[in-house]
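# Topology and contacts: notes
This is what each chain is made of:
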Amino acid sequence: MQAINASIPFDKRLWRHDIAGSIAHARMLGETGILPASDVEAIVGGLADIAADYEANGVPEDPALEDIHMAIEAHLAERIGPTAGRLHTARSRNDQVATSFRLWVRDAIDGHGAAIVALVQVLLDRAEAEAGTILPGFTHLQVAQPVTLGHHLLAWAEMLVRDLSRFEDARDRMNRCPLGSAALAGTPFPIDREMTAALLGFDGPTANSLDSVSDRDFAIDYLCAAAQCALHLSRMAEEIVLWASQPFGFVMLPDQWSTGSSIMPQKKNPDAAELVRGHSGRILGLMTGLMVTMKGLPLAYSKDMQDDKEPVFEAHDLLELSLAAMAGMMAEIGFVPERMRAAAASGFSTATDLADWLVVHGGLPFREAHHLTGRAVRLAEARGIGLADLSDEDFVALDPRLAGARAAPLSVEASVASRTSVGGTAPGRVREAVGELRGLLAGDTQ
Ligand code: ARG
């Protein structure tokens, strides 16, 4: 029974939050006259001593004490005697654990927020420096149109900024205090739930006591946001893996972010990126796991819910590592602009530019321009040259309406420079977007 029942091996991570919750509860019991001030001072002093002790020596793990909440109460009794037993007046472990865990998840969200901001800042710095660097843009992993490397890095930044807002959204929704819901039905003591909520930095108390002790939406919201963020990191990681492979050769991995092979001396493997990609699968699984744990549970608390903590802790640790690794890797990764440019110029990537030019300067319907461009591509392909290498005579011989087509933005540089629409890849737009994202982050971190 002890082996299956005890949660102290993992929930000891909640100790700071449990002590904060208990101090707030004790102070409220004093203010409302439920406990005399002398008891409150003894309890608060004892809890502060326990915190100092845990900080210095770690949390002792006695499985007989079941969980961190019972362990702290037992340690308090060792320090202050039977007065410790008064702390549990007007509360239950059910509202206690719900409160401690919410406080922990709230801190986790704040930590991820800072880590995401740090990663986005790295991406913005690198994007600004590479605002004019040519990179092939892909669809179907086929070279489609040239873009700028800065633009691509900003696409990643956009994903992460949405992740930030998802975490903030989860934080806003969860920031209500379940303490005072007691076991499931509330309490006859004249408690002040507004006070404990305020002392713990919550926006106010939760409403329904049954819901309060059985709600784990905040943990699932957290895991959903974490899974989405991990999913984004895995897409970035996948591109780093591709870009670092020899056929691409777009990036040079810094030595400290790659590993060698035990047998092939020439190998430099993108392990950090691969692990970020791999961790995302685990984080998604943890989200699914907690959803399945909660599915079908009747009101109110059931012990199944003790299984809410490990998936959250594990997802947190994996995501925190992934964000840090990504920031470290992206700060130091070396770009190889010649390889990117050569790939961007391959595959007639400026064909759309020619078609667009024929619409604007030749007055042709787009479909017809598309058709004529296709013929120009076939001619260049047959000769093994690029569109920009076709002469005026070549164009006119194909169709007189192609006269002057060499003025179209057929080079990759001219192509990206022409894409000045809002959200487009033109270097000027990229620099502008960097500025906007910097402003957004500055507002966010205030
Ligand atoms: N260790 C438990 C948990 O994490 C604490 C709540 C126990 N409550 C109860 N009624 N047995 O969920």
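Note that this is a predicted model, so its numbers are computed, not measured.

What counts and how
Residues numbered from 1 in each chain as written. Predicted model: local features only at pLDDT ≥ 70, side-chain atom pairs only at ≥ 80, totals over all residues. Heavy atoms only, no water. Helix = DSSP H or I, 4+ residues; strand = E, 2+ residues; numbered from the N terminus. Rg over C-alpha atoms; globule rule 2.2 N^0.38 Å. Buried < 20%, exposed > 50% of the residue type's maximum accessible area, 1.4 Å probe, protein only. Contact = heavy atoms within 4.5 Å. Lys, Arg positive; Asp, Glu negative; His and termini not counted. Charge placed at Lys NZ, Arg CZ, Asp CG, Glu CD. Near = heavy atom within 4 Å. Polar contact = N/O pair within 3.5 Å; in protein donor to acceptor, adjacent residues only side chain to side chain. Nonpolar A, V, L, I, M, F, W, Y, C, P; charged D, E, K, R; others polar. Expected span 1.5 Å × (residues − 1). Arc of directions from axis to C-beta. Patch = residues over 30% accessible without salt bridge, like charges linked within 9 Å, V, L, I, M, F, W, Y side chains within 5 Å. Areas by Shrake-Rupley, 256 points an atom, 1.4 Å probe, with all protein chains shown as cover. Salt bridge = Lys/Arg side-chain N within 4 Å of Asp/Glu carboxyl O.

### Quick word on the overall build of the protein chain
What the protein chain contains, in helices and strands, is 18 helices and four strands. Taking 22 Å as the expected radius of gyration for a compact globule of 446 residues, we find that the protein chain reaches 30 Å, considerably beyond that expectation. In terms of overall dimensions, the protein chain has C-alpha extents of about 100 × 55 × 40 Å along its principal axes. A total of 446 residues make up the protein chain; the buried ones form 49% of that total. Of all intrachain contacts in the protein chain linking residues separated by at least 6 positions in sequence, the fraction that spans at least 24 positions is 76%. Charge separation in the protein chain, taken as the distance between the mean sites of 38 positive and 59 negative side-chain charges, equals 5 Å.

### A look at the environment of A51
Looking at the secondary structure, you find A51 in helix α4 (residues 37-57). Residue A51 is classed as buried on the basis of its relative accessible area, which comes to 19%. Spatially, the C-alpha atoms of A51 and H25 are 16 Å apart, while their sequence positions differ by 26 residues. When neighbours within four sequence positions are excluded, A51 is seen to be in contact with W15 and I19.

### Details of the site of the ligand
The full set of residues close to the ligand is S7, D11, D67, R93, N94, V97, Y301, Q306 and K309. A distance of 2.5 Å separates an oxygen atom of the ligand from a polar side-chain atom of Y301. Between the ligand and the protein, one listed contact pairs a nitrogen atom with a side-chain N or O atom of Q306 at 2.7 Å. The leading source of residues in the shell around the ligand is helix α6 (residues 93-129), at three residues. Class assignment of the residues belonging to the shell around the ligand gives a composition of two nonpolar, three polar and four charged.

### Description of unusual backbone geometry
Generally, phi is negative for residues other than glycine and the peptide bonds are trans, each holding for most cases. Of note, the amide linkage connecting L299 to A300 takes the cis form, showing an omega dihedral of -5°. One can find A300 in the loop between α11 (271-294) and α12 (309-332). Look at L141: it is not a glycine, yet its phi comes out positive at around 55°. One can find L141 in the loop between β1 (134-139) and β2 (142-148). Despite not being glycine, A182 shows a phi value in the positive range, around 60°.

### Digging into the environment of V434
Within the secondary structure, V434 is located in helix α18 (residues 427-444). For the pair formed by V434 and A157, sequence separation is 277 residues and the distance between their alpha carbons is 9.5 Å.

### Focus on α18
Spanning 18 residues, α18 covers 26 Å between terminal C-alpha atoms, matching the ideal 26 Å at 1.5 Å per step. Looking at α18, one finds that the buried residues are P427, V430, V434, L437 and L441. Along the axis of α18, the buried residues cluster in a sector spanning 75°; they form a single face.

### A closer look at a nonpolar patch on the surface
Side chains of L184, L210 and L299 sit close together on the surface and give an oily, nonpolar patch of about 270 Å² of accessible area. Following the sequence through the fold, L210 ends up in helix α9 (residues 209-214).

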